[in-house]
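Tertiary structure, described
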Amino acid sequence: MNDTHTHTVTLMANFACQVLEMGIVVHSVVIGLGMGASQNVCTIRPLVAALCFHQMFEGMGLGGCILQAGYGGRTRSALVFFFSTTTPFGIALGLALTRVYSDSSPTALVVVGLLNAASAGLLHYMALVELLAADFMGPKLQGNVRLQLAASLAILLGAGGMSVMAKWA
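We now turn to the structure provided with this report. Here the residue index of a chain counts from 1 through its sequence in written order. This being a predicted model, a pLDDT of at least 70 is required before a residue's local features are given, and a value of 80 or more before pairs of side-chain atoms are given or counted; all residues contribute to the totals for chains, interfaces and linings. Derived side-chain values reflect all non-hydrogen atoms in the structure, with water molecules and hydrogen atoms excluded from consideration.

1. Quick word on the overall build of the protein chain
- Tallying secondary structure elements over the protein chain gives six helices and zero strands in all.
- For the purposes of this entry, the term helix denotes a DSSP run of H or I that reaches at least four residues, the term strand denotes a run of E that reaches at least two, and both are numbered from the N terminus. Its helices and strands taken in sequence order, the protein chain reads α-α-α-α-α-α from the N to the C terminus.
- Counting only carbon and sulfur atoms, one obtains 72% of the accessible surface of the protein chain, whose full area is about 11,000 Å². With residues, only the protein chains shown are counted as cover, and all accessible areas are computed by Shrake-Rupley using a 1.4 Å probe.

Written out as structure tokens, the structure is:
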């Protein structure tokens, strides 16, 4: 019975890690594509700031997921490689497509919007269901109302900060 539970937990951690990696990869390519294709310095500066925050926090979250999943060295290296190279790949792709890609064309707006929506949905799912739910359902938070309120306030402040940054970027 204990081996079955451990195996189930490992499978769930593997699934969570793969979904998070997929969401981050799609998101990073889209952000890189937008940055590489942009010709306006006023657009590039906020994207660089957003990229720094995104990469730092996404890397921390993904790194924790990779460690929890208990992957071997090769799989960990592959996941880290994909995380590290997708944004530069998107930037290079954006630079290569600068001549034919118009970031204001209806087709480009729809494609980028759909890709952003898909990756944002995956990232929201991962943040709320896979990452935060485990913390909020843990005994430490369940037994302390004050800590629950502080954690909820921290989430709201973080979401508000990201919203402000998105508006600015």
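2. Side note on the environment of Val25
- Note on placement: Val25 falls in helix α1 (residues 2-37).
- Its relative accessible area of 23% is what places Val25 among the partly exposed residues.
- Note: C-alpha distance between Val25 and Phe82 (57 residues apart in sequence) is 7.2 Å.
- By the convention used here, residues are in contact when the closest approach between their heavy atoms is within 4.5 Å. Those residues in contact with Val25, other than ones at most four positions away along the chain, are Phe82 and Thr86. The buried label goes to any residue with under 20% of its type's maximum accessible area, the exposed label to any with over 50%, and the partly exposed label to all in between, with areas taken from a 1.4 Å probe on protein chains only.

3. A few points about a nonpolar patch on the surface
- To count toward a patch, a residue needs a relative accessible area over 30% and no salt bridge; like charges are then connected within 9 Å, while nonpolar side chains (Val, Leu, Ile, Met, Phe, Trp, Tyr) are connected within 5 Å. Here a salt bridge means any side-chain nitrogen of Lys or Arg lying within 4 Å of a carboxyl oxygen belonging to Asp or Glu. Together, Phe15, Tyr125, Leu128 and Val129 make up an exposed nonpolar region whose accessible area comes to about 370 Å².
- The element best represented in the nonpolar patch is helix α4 (residues 106-136), accounting for three residues.
- Here Leu128 shows up in helix α4.
- By relative accessible area, Leu128 is classed as exposed at 52%.

4. Points about the side chain of Thr87
- Its place among the elements puts Thr87 in helix α3 (residues 73-96).
- When neighbours within four sequence positions are excluded, Thr87 is seen to be in contact with Ser28, Gly32, Leu51 and Gln55.

5. Some details on the environment of Leu95
- Its location among the elements puts Leu95 in helix α3.
- The spatial distance from the C-alpha of Leu95 to the C-alpha of Gly34 is 9.3 Å, given a sequence separation of 61 residues.

6. Looking at the nonpolar core
- Within the largest apolar cluster, 15 residues are counted, with the highest numbers of intra-cluster contacts made by Cys17, Leu20, Ile24, Leu62, Ile66 and Tyr71.
- Residue assignment for this core shows that the elements contributing at least two residues are α1, α2 (41-69), α3 and α4.
- Broken down by element, this core gets its largest block of residues, six residues, from α1.
- With residues near it in sequence (within four places) discarded, Ile66 still touches Cys17, Tyr71, Arg76, Leu79 and Val80. By nonpolar core is meant a set of buried Ala, Val, Leu, Ile, Met, Phe, Trp, Tyr and Cys residues that side-chain atoms within 4.5 Å join together.

7. Topic: the side chain of Ser28
- Along the polypeptide, Ser28 turns up in helix α1.
- The class for Ser28 is buried, based on a relative accessible area of 2%.
- Any pair of N or O atoms that falls within 3.5 Å is considered a polar contact. Within protein, one atom must be able to donate a hydrogen and the other to accept it, and sequence-neighbouring residues count only if both atoms are side-chain atoms. At a separation of 3.5 Å, a polar atom in the side chain of Ser28 contacts the side chain of Thr87.

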